[in-house]
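For reference, the chains in residue letters:
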Amino acid sequence: MAAKSRIFLTCKAFLTCEHRRATTCVGCHRPGFLVSPRRLWPALALIVALAFVPAGPGGALAEDAGNASPQPRVDRADGKTAEKPQEGKEAKKPSPYEWRDLFDGKALDDWKAPQFGGEGSVRVQDGAIILERGETMTGVTYTGKDLPKTNYEIEWVAKRTDGIDFFATATFPVGESFCSFVTGGWGGTIVGLSSINFYDASDNETTQFKSFKDNQWYKFRVRVTQAKIEAWIDGEKVVDFVIGKNKIGTRFEVELCKPLGFSSWCSTGVIKSVRLRQLTPDEVKVVEGEAKTRPY
């Protein structure tokens, strides 16, 4: 093959022909090779094709790597990293009209035990608050800051395991005042609100009589609006009181249970659930409509 039919390759493109005839590169004076043109074209075509292959999913071109926006990341407990949530997206807040637990069944974090004098011990056991029988009254008071004053309802589940008097009486806000729903007072059978116009649950229009069995769970619910105070025991309404111009108050014994608390009198009370929710505007309208149909 004549020398003029061959193409000289420098050391930068190190290709070898079948004759392996080396010479000297005129550019850098390093050894080069003579390659047959028909051998050279496939190699050049392959080089050009590779130059235009796009980067795969896992990588970016070197010239673009410095321009990519870094993804926000956050450390995880396991030492790995995770992407941060996008800005502007906040966690969805729970609706105030849904039930929320005030007691988690584990600790008295948002509760305290008032010192009445002669009270029994207060502790958490088996997922419930135990109000041990004292010489007089034992109780717990809620210390949370998110307590509504009206248009809400509260529900609790409780039982008496010892004694013959009230075991889970609730004291709660009614606007700027407070009231108590007595559960088995005055010897174990009186149910009602204390106090209305300074009259106790044993001697006002809400007085009811009910027998409570020891070691049996009861579900209590109280609803408060500006128009009425209502109460249920195991789904049965036992109080439906229109407030009107009546004066709502409490007995002095439960003063330390305000703004929200539970108490037992010479009895051991067990409370395993306490939850609260605000009433929807439609629910409030229904209660107000009911109140308007009855004189107070």
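For the structure given in this document, a descriptive report is provided here. Computed from a prediction, not measured in an experiment: that's the story for all the values here.

### What about the layout of surface pockets?
Then, in step 1: Quantified by volume, the largest pocket comes out at close to 230 Å³.
Then, in step 2: Together, Met137, Asp165, Phe166, Thr169, Ser180, Val182, Trp186, Ser194, Arg251, Glu253, Val254 and Trp265 line the largest pocket.
Then, in step 3: In the lining of the largest pocket, the residues fall into six nonpolar, three polar and three charged.

### Re unusual backbone geometry
Then, in step 1: Residue Ser194 is joined to Ser195 through a cis peptide bond whose omega torsion reads 5°.
Then, in step 2: Omega for the peptide link from Lys258 to Pro259 comes to 5°, which places this bond in the cis form.
Then, in step 3: Note that Pro259 resides in the loop between β18 (236-242) and β19 (261-265).
Then, in step 4: The backbone of Phe198 shows a phi angle near 70°, a positive value even though the residue is not glycine.

### Here we look at the nonpolar core
Then, in step 1: Counting residues in hydrophobic clusters, the biggest one holds 40 residues, and the most contacted among them are Trp156, Phe172 and Phe181.
Then, in step 2: When neighbours within four sequence positions are excluded, Trp156 is seen to be in contact with Ala168, Ala170, Phe181, Tyr218, Lys219, Phe220, Arg221, Val222, Phe262, Ile271, Ser273 and Val274.
Then, in step 3: Grouped together as the second largest cluster of nonpolar side chains are seven residues, Phe166, Ile190, Ala201 and Val254 included.

### Here we look at the packing of aromatic side chains
Then, in step 1: On inspection of all chains with the given rule, the structure shows 12 aromatic pairs.
Then, in step 2: Between Phe167 and Phe220, the aromatic rings sit 6.1 Å apart at their centres with planes inclined by 55°, giving tilted as the arrangement. Residue Phe167 is located in the loop between β11 (152-163) and β12 (169-174), and its partner Phe220 is located in strand β16 (residues 218-224); the two are separated by 53 residues in the primary sequence. We note that Phe167, like Phe220, is buried.
Then, in step 3: These aromatic residues form a ring-pair network of at least three members: Trp111, Tyr142, Trp156, Phe167, Phe181, Phe212, Tyr218, Phe220 and Phe262.
Then, in step 4: In this structure, Arg221 packs its charged tip against the face of Trp232, placed 3.9 Å from the ring centre.

### Observations concerning the side chain of Thr225
Then, in step 1: Position of Thr225 relative to the elements: it lies in the loop between β16 and β17 (228-233).
Then, in step 2: Within the structure, Thr225 has its side chain in polar contact with the backbone nitrogen of Ala227 (distance 3.2 Å).
Then, in step 3: A distance of 3.0 Å separates a polar atom in the side chain of Thr225 from the backbone nitrogen of Lys228.
Then, in step 4: Residue contacts for Thr225: discarding those within four places in its chain leaves Thr150, Asn151, Ile243, Leu279 and Val287.

### Description of the pairing of strand β20 (residues 267-278)
Then, in step 1: Sheet analysis places strand β6 (residues 100-101) next to β20, joined by two bridges and oriented antiparallel. Residue pairing for β20: Asp101 is matched across the bridge by Arg275.
Then, in step 2: As judged from the 11 bridges shared by β11 and β20, these two strands associate in the antiparallel manner. Of the residues in β20, the one forming a bridge with Lys159 is Val270.

Parameters and conventions
- Residues numbered from 1 in each chain as written.
- Predicted model: local features only at pLDDT ≥ 70, side-chain atom pairs only at ≥ 80, totals over all residues.
- Heavy atoms only, no water.
- 1 Å grid on protein atoms, 1.4 Å probe; cavity = no way out; pocket = protein on both sides within 12 Å on 5 of 7 lines; lining within 4 Å.
- Points joined across faces, edges and corners; volume = space filled by probe spheres on them.
- Nonpolar A, V, L, I, M, F, W, Y, C, P; charged D, E, K, R; others polar.
- Helix = DSSP H or I, 4+ residues; strand = E, 2+ residues; numbered from the N terminus.
- Core = buried A, V, L, I, M, F, W, Y, C linked by side-chain atoms within 4.5 Å.
- Buried < 20%, exposed > 50% of the residue type's maximum accessible area, 1.4 Å probe, protein only.
- Contact = heavy atoms within 4.5 Å.
- Phe/Tyr/Trp six-rings, centres within 6.5 Å; stacked < 30°, edge-to-face > 60°.
- Lys NZ or Arg CZ within 6 Å of the ring centre and 35° of its normal.
- Polar contact = N/O pair within 3.5 Å; in protein donor to acceptor, adjacent residues only side chain to side chain.
- Pairing = 2+ DSSP bridges.

Read these as layout, nothing more, since geometry by itself doesn't imply function.
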